[in-house]
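Residue-level listing of the chains:
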Amino acid sequence: MPETEKKILYVDLDNTLVDFPSGINRAHPEMRARHDGDFDEIPGIFATMDPLPGAIEAYTELAGHFDTYILSTAPWANASAWHDKALWVQRHFGFGPDSVAYKRLILSHHKNLNRGDFLVDDRTANGAGEFEGELVTFGSPAFPDWAAVTKYLLDRK
């Protein structure tokens, strides 16, 4: 690999960059009851979520050292999620070409089909467990927060 070529890094959204419970807490009680067990199917829920502590700063820093993409899955039964995830990325990272996330959002139910060096994800679902690069499991004892993930990845850039 040429020295100028950056390694490819993918970062998940839900419970990795995004504080998923913050959206559940904002959902109307009737909607929570209707979608109990499938909160990700509440229309509009993804637009209401907060970033996890340090997530925006970490992604921004890592984007300076890696060829970085957001790789997330949107629920098939919630069409608004696809739209809301794009709006979330634009709101928190910016809309224009100077954004570190500009046109770097990939929505897929098959994360293993993406080629790269690292995937930061909180689960092995939707192909994350079969990703050919290294899975960095966010929220695990080894990677409990963004400070630990950032240090680990920067040591391997």
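Summary of the structure given here. These numbers come from a predicted model, not from an experiment.

Rules behind the numbers
- Residues numbered from 1 in each chain as written.
- Predicted model: local features only at pLDDT ≥ 70, side-chain atom pairs only at ≥ 80, totals over all residues.
- Heavy atoms only, no water.
- Buried < 20%, exposed > 50% of the residue type's maximum accessible area, 1.4 Å probe, protein only.
- Helix = DSSP H or I, 4+ residues; strand = E, 2+ residues; numbered from the N terminus.
- Arc of directions from axis to C-beta.
- Contact = heavy atoms within 4.5 Å.
- Polar contact = N/O pair within 3.5 Å; in protein donor to acceptor, adjacent residues only side chain to side chain.
- Pairing = 2+ DSSP bridges.
- Axes fitted to C-alpha atoms, helices over the stretch in contact; angles between N-to-C directions.
- Salt bridge = Lys/Arg side-chain N within 4 Å of Asp/Glu carboxyl O.

## Focus on helix α5 (residues 146-154)
No. 1: Buried within α5 are the following residues: W146, V149, T150, Y152 and L153. Seen along its axis, α5 keeps its buried residues to an arc of 165°; they face one direction. Exposed and facing more than 90 degrees away from the buried side of α5 are A147 and K151.
No. 2: Against the buried residues of α5 lie β1 (8-11), α3 (55-63), β6 (118-121) and β7 (134-137).
No. 3: The opening residue of α5 is D145, an N-cap whose side-chain oxygen sits 3.3 Å from the backbone nitrogen of A147.

## Considering the sheet that holds strand β4 (residues 67-72)
No. 1: Taken in spatial order, the 5 strands line up as β5-β4-β1-β6-β7 in an open sheet, and their pairing is parallel. The open sheet terminates on both sides in strands that have one partner only, identified here as β5 (105-107) and β7. Direction aside, the axes of adjacent strands within the sheet are offset by 25° on average.
No. 2: Examined bridge by bridge, β6 and β7 share 4 bridges and lie parallel to one another. Bridge pairing in β7 links L119 to L135.

## Concerning the pattern of salt bridges
Pairing between side chains of opposite charge can happen when the charged atoms of each approach one another.
No. 1: Enumeration over the complete set of coordinates arrives at 7 salt bridges.
No. 2: Note that R34 is salt-bridged to E30, the shortest N-O span being 2.9 Å. Pair noted here: R34 and E30 are both in helix α2 (residues 29-34), with a separation of 4 residues, about one helical turn.
No. 3: Judged by its relative accessible area of 54%, R34 falls in the exposed class.
No. 4: For E30, a relative accessible area of 47% gives the class partly exposed.
No. 5: Residues joined in a network through salt bridges with shared partners are D12, K111 and D121.

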